[in-house]
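Listed below are the residues making up each chain.
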Amino acid sequence: MKKQLQHHLMQALQECYRQGLLHSGTFPPLVLEEPANAGHGDLATNLALVLAREEKKAPRQVAEIVLGMLGDAGGLCRQVEIAGPGFINFFLSHRSWHLVLDEVARQGETYGTSAMGAGKRVQVEFVSANPTGPLHIGHGRGAATGDAVAAVLAAAGYEVQREYYINDAGNQVALLGRSIWLRWRELNGERIEFPEDGYRGDYIREIAGALDREHASHLAPLAEEPAVAFCTDFGVRQLLGQIDEDLQKFGIRFDCWYSERSLYDRGLVEKELAKLRQRGLTYEKDGALWLRTTDHGDDKDRVLLRADGPPTYFASDVAYHMEKFDRGFDLVVDVWGADHHGYVPRMKAMLAGLGRSPDDLQVLLIQMVNLLRDGQPVTMGKRSGEFITLREVVDEVGRDACRFFFLMRRSDSQLDFDLDLAKRQSNENPVYYVQYAHARICSISRNAAELGLQLPASGQFDLSPLELDEELALMKLLARYPETVEGAARLLEPHRIVFYLQELAGAFHSYYNRHRVLTEDARLSQARLCLVNGIRVVLGNALRLLGLSAPEQMQREG
RNA sequence: GCGCCAGUAGCUCAGCUGGACAGAGCAACGGCCUUCUAAGCCGUGGGUCGAGGGUUCGAGUCCUUCCUGGCGCGCCA
């Protein structure tokens with residue numbers, strides 16, 4: 001709807017220019033928005049105010065000229081007015097809103113998708129938790145966000161790959177292996193002193209137990225070094241298996257699990273470092289190899305190869321990201337914990353050094369999750385090895401509530417996760433609120449079917465009975481859905497979909513309580529059925545986009 | 001000390017790449033189930049948008065200074 005009006009406006013502007021009514025042939029991007037105040041029409045533009053300076057005319061005068069050319073925009077508008085300092089307000093005809101319902105019905109599950117990112121490949125890398133323990137609640141937020149961002153991008157026409165980067169090289173997993181090995185020896189009657197920095201969680205003992213059952217005879221004769229290596233491999237495999245299981249239970253699947261170790265095994269770290277050297281982006285100092293990240297805004301240059309030889313974590317991360325772009329992605333999105341924000345400048349500097357736009361890498365920072373129970377924070381001590389796992393929360397509040405809550409806020413602001421609220425089955429719980437709206441409409445459809453009322457085929461709707469303000473407002477909301485998805489994709493902000501869902505559900509519930517869909521008047525009933533069906537389709541599309549279910553009926557538990 | 005992010009109603013937060021009188025949910029209070037699911041709806045009260053200055057026809061939104069909170073500043077990963 002907005003796009004059609006935009007199109008008409010642009011033509012009017014160009015025609016004004018051609019006829020010499022306007023001096024400038026280049027126009028600023030047309031901004032059309034929905035005024036907060038209904039008295040200001042359905043859509044409004046500030047273009048006259050923006051053009052006024054260049055044209056050296058009063059804004060209202062510019063508006064008059066443009067409007068003279070626009071007319072009623074091919075029947076879209078029932079009224080156009082100039083208001084305030086020079087805003088142009090458009091009042092759209094009912095018919096133009098009715099067209100939205102046609103479109104929703106015609107497009108069905110694809111309503112809301114667009115070709116915005118057509119032909120572009122994006123990779124979204126998320127979770128990427130070290131395989132040294134189970135996923136905790138913070139990983140869950142990253143998982144929900146990354147998955148939703150990927151989905152939103154896909155809906156906007158991008159070709160999307162979901163990737164999990166496995167940190168299976170380096171000290172952390174080595175420490176995991178050592179921890180398992182020590183617990184295994186303990187299991188076999190040895191008295192050992194467990195290191196201060198070892199992994200202390202009970203799950204280490206469980207893994208040691210599994211190791212003992214399956215590989216005791218293999219492990220027993222090994223010397224320390226190969227034994228620890230064996231434990232590392234075994235532990236990583238076990239934990240990755242659990243992580244994958246947890247994620248699947250959470251409704252998330254990755255297209256690619258990418259191993260850090262494989263970077264080394266394939267010589268990619270060396271290869272990519274050689275490229276950096278070749279381009280003169282590195283230098284040696286104090287026996288170490290440095291990357292000149294300060295050339296592109298970083299605070300200090302960063303070490304790639306330590307003086308004693310081995311590459312830093314940064315080196316493998318650089319190689320990893322270079323390799324991502326080697327794979328041909330136009331855009332790479334990383335989802336990180338907010339505590340890693342300090343690493344963003346150096347990664348972008350690396351890209352800039354290679355002559356790529358730093359914007360080709362977008363890093364989403366995920367802020368902390370504070371779990372609340374009975375209004376009190378649930379304390380988590382990572383040191384003691386005791387933390388709330390994602391699995392526990394999903395088991396307690398359910399997958400939908402969990403995902404919804406994670407997506408309710410923009411990712412870079414802290415999130416209070418109220419466990420009691422997430423479980424509550426009432427209108428206070430926004431998850432059920434939205435899902436209930438969907439289920440309610442399904443229920444209406446079932447009743448309609450029993451009454452013998454059928455939804456007419458798309459294009460054959462008689463929607464003229466829909467003329468209540470609330471009905472028009474609902475259609476406007478439906479019209480806004482595709483823009484909402486595009487905005488969420490452009491800004492990588494899936495929470496916009498959540499807010500949209502709440503708004504649409506709210507508008508529907510309110511309408512439902514005030515007006516009956518199924519009435520004595522068959523023509524009216526049928527039109528309203530078309531309306532609520534459109535709402536159902538959009539609610540369903542948006543819910544599924546976020547990885548949430550769209551229930552056809554609500555089932556009370558307990 | 002430097003850097004990043006935040007500071008909007010009692011609480012938790014939106015505010016769409018500056019726009020027309022600042023929004024939602026929760027909490028509080030008062031109503032609504034002979035009618036398509038009350039997991040719902042309606043109504044009421046509540047804010048100097050952290051503070052000062054600046055840019056603009058127009059600032060919660062941009063610039064600057066200060067205050068407060070969180071996080072980060074390894075040849076760790």
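Everything quoted here is computed from the prediction, not taken from an experiment.

*Asks:* Help me out: how do you make sense of the overall build of chain A in this one?
*Replies:* Per the secondary structure count, chain A includes 19 helices and 15 strands. Projected onto its principal axes, the C-alpha coordinates of chain A cover approximately 85 × 65 × 40 Å. Looking at the 558 residues of chain A, the share that counts as buried comes to 52%. A total accessible area of about 26,300 Å² is found for chain A, and carbon and sulfur atoms account for 47% of it. Averaging the positions of the 63 positive and the 77 negative side-chain charges in chain A gives two centres separated by 2 Å.

*Asks:* Would you mind going over the packing of helix H14 (residues 399–407) against helix H16 (residues 430–450) with me for this structure?
*Replies:* Helix-helix packing is described using two parameters, namely the angle between the two axes and the distance between the axes. Where H14 contacts H16, the axes come no closer than 9 Å and their chain directions differ by 110 degrees. The pairing of H14 with H16 is recorded here as roughly perpendicular in orientation. Classified by chirality, the crossing of H16 by H14 is right-handed. Residues Asp400, Ala401, Phe404 and Phe405 of H14 touch H16, and the partners they reach there are Pro430, Val431, Val434 and Gln435. When grouped by side-chain class, the residues that make up the contact of H14 with H16 number six nonpolar, one polar and one charged.

*Asks:* Is there a simple way to think about the domain arrangement of chain A in this case?
*Replies:* The domains assigned to chain A are domain 1 (2–92), domain 2 (98–114 + 426–545) and domain 3 (171–249). Its C-alpha centre places domain 1 at a distance of 30 Å from the equivalent point of domain 2. Across the contact, four residues belong to domain 1 and four residues belong to domain 2. For the pairing of domain 1 and domain 2, the buried interface totals around 390 Å² over both sides, and the portion due to carbon and sulfur atoms is 31%. Of all residues in domain 1, Lys2, Glu34 and Asp42 give up the largest surface area on contact with domain 2, accounting jointly for 74% of the area buried on that side. Where domain 1 meets domain 2, there are one salt bridge. The closest approach of N and O atoms between lysine 476 and aspartate 42, which form a salt bridge, is 2.5 Å. Summed over the shared surface of domain 1 and domain 2, the result is one residue pair in polar contact (both at pLDDT 80 or more). Residues that form the side of domain 1 that touches domain 2 fall into these classes: no nonpolar, no polar and four charged.

*Asks:* What should I look at first to understand helix H5 (residues 137–155) in this one?
*Replies:* The α-helix winds at 3.6 residues per turn, so residues separated by three or four positions along the chain end up facing the same way. If you check H5, its first and last C-alpha atoms are 27 Å apart, about what 19 residues at 1.5 Å a residue would give, namely 27 Å. With 16 of its 19 residues buried, H5 lies for the most part within the structure. One or two residues past the end of H5 sits glycine 157, with phi positive at roughly 100 degrees.

*Asks:* Where do I start with unusual backbone geometry in this structure?
*Replies:* Excluding glycine, a negative phi dihedral is what most residues carry, and trans is how most peptide bonds are arranged. Look at serine 128: it is not a glycine, yet its phi comes out positive at around 45 degrees. Relative to the assigned elements, serine 128 resides in the loop between strand S5 (121–125) and H5. Not every positive phi belongs to a glycine, and leucine 492 is a case in point at roughly 55 degrees. For leucine 492, a relative accessible area of 9% corresponds to the buried category.

*Asks:* Looking at this structure, I do not really get the packing of helix H2 (residues 47–55) against helix H3 (residues 59–70). What am I missing?
*Replies:* As a packed pair, H2 and H3 sit with axes 8 Å apart at the nearest point and diverge in direction by 110 degrees. When the axes of H2 and H3 are compared, the pair comes out roughly perpendicular. Facing H2, whose interface residues are Leu47, Ala48, Leu49, Leu51, Ala52 and Glu55, H3 presents Pro59, Val62, Ala63 and Val66.

*Asks:* Explain a nonpolar patch on the surface here, please?
*Replies:* Among the surface-exposed residues, Leu49, Val50 and Phe87 lie close enough to one another that they form a single nonpolar patch of about 220 Å² accessible area. Of note, phenylalanine 87 is situated in strand S4 (residues 87–92).

*Asks:* Whenever I open this one, the pattern of salt bridges confuses me. Can you help?
*Replies:* Proximity of charged atoms lets side chains of opposite charge pair with each other. A full pass over the atoms with the stated rule returns 31 salt bridges. Lysine 275 is paired through a salt bridge with glutamate 272; the nearest N and O atoms lie 3.1 Å apart. Taken together, the positions of lysine 275 and glutamate 272, both in helix H10 (residues 268–278) and three residues apart, correspond to about one turn of that helix. By relative accessible area, lysine 275 is classed as partly exposed at 29%. The class of glutamate 272 is buried, set by a relative accessible area of 0%. Within the structure, one salt-bridge network assembled from shared partners comprises Arg410, Asp412, Glu493 and Arg496.

*Asks:* Sorry if this is basic, but what is going on with the pairing of strand S9 (residues 288–291) here?
*Replies:* Here is the key point about a regular strand: its side chains alternate between the two faces of the sheet. With burial as the criterion, each face of S9 is covered, one bearing Ala288 and Trp290 and the other bearing Leu289 and Leu291. As paired elements, strand S8 (residues 282–285) and S9 share four bridges and run antiparallel to each other. Note on S9: the bridge partner recorded for glutamate 284 is leucine 289. As judged from the three bridges shared by S9 and strand S10 (residues 302–305), these two strands associate in the antiparallel manner. Following the sheet pairing, leucine 291 is matched in S10 by arginine 302.

*Asks:* I keep staring at the nonpolar core and nothing clicks. Help me out?
*Replies:* Generally speaking, a soluble globular protein has its nonpolar side chains buried in company with each other. Grouped together as the largest cluster of nonpolar side chains are 152 residues, with contacts concentrated most on Phe90, Leu153, Phe406 and Phe417. The residues touching phenylalanine 406, leaving out its near neighbours within four places in the chain, are Ile137, Gly140, Arg141, Ala144, Thr145, Phe250, Val369, Leu390, Leu415 and Phe417.

*Asks:* Looking at this model, I keep getting lost on the sheet that holds strand S13 (residues 369–373). Mind explaining?
*Replies:* Strand pairing in a sheet is mediated by backbone hydrogen bonds. Such pairs are either parallel or antiparallel. The strand order across the open sheet formed by three strands is S14-S13-S15, and the pairing between neighbours is mixed. Strands at the two margins of the open sheet, each flanked by one partner only, are strand S14 (376–377) and strand S15 (415–418). As defined by bridge partners, S13 adjoins S14 across two bridges and the pair is classed as antiparallel. From the neighbouring strand, arginine 373 faces S14, where its bridge partner is glutamine 376.

*Asks:* Hey, could you run me through the environment of glycine 337 in this one?
*Replies:* Tracing the backbone shows glycine 337 in strand S11 (residues 331–337). Taking the C-alpha atoms as reference points, glycine 337 and isoleucine 366, 29 residues apart in sequence, are found 4.8 Å from one another. What glycine 337 contacts, discounting residues up to four positions off in sequence, is Leu365 and Ile366.

Analysis parameters
- Residues numbered from 1 in each chain as written.
- Chains lettered and ligands numbered in written order.
- Predicted model: local features only at pLDDT ≥ 70, side-chain atom pairs only at ≥ 80, totals over all residues.
- Heavy atoms only, no water.
- Helix = DSSP H or I, 4+ residues; strand = E, 2+ residues; numbered from the N terminus.
- Buried < 20%, exposed > 50% of the residue type's maximum accessible area, 1.4 Å probe, protein only.
- Areas by Shrake-Rupley, 256 points an atom, 1.4 Å probe, with all protein chains shown as cover.
- Lys, Arg positive; Asp, Glu negative; His and termini not counted.
- Charge placed at Lys NZ, Arg CZ, Asp CG, Glu CD.
- Axes fitted to C-alpha atoms, helices over the stretch in contact; angles between N-to-C directions.
- Parallel < 35°, antiparallel > 145°, perpendicular 65-115°, else oblique.
- Left-handed = near helix turned anticlockwise from the far one by under 90°.
- Contact = heavy atoms within 4.5 Å.
- Nonpolar A, V, L, I, M, F, W, Y, C, P; charged D, E, K, R; others polar.
- Domains from an automatic or database assignment.
- Buried area = accessible area lost by both parts, 1.4 Å probe.
- Salt bridge = Lys/Arg side-chain N within 4 Å of Asp/Glu carboxyl O.
- Polar contact = N/O pair within 3.5 Å; in protein donor to acceptor, adjacent residues only side chain to side chain.
- Expected span 1.5 Å × (residues − 1).
- Patch = residues over 30% accessible without salt bridge, like charges linked within 9 Å, V, L, I, M, F, W, Y side chains within 5 Å.
- Pairing = 2+ DSSP bridges.
- Core = buried A, V, L, I, M, F, W, Y, C linked by side-chain atoms within 4.5 Å.

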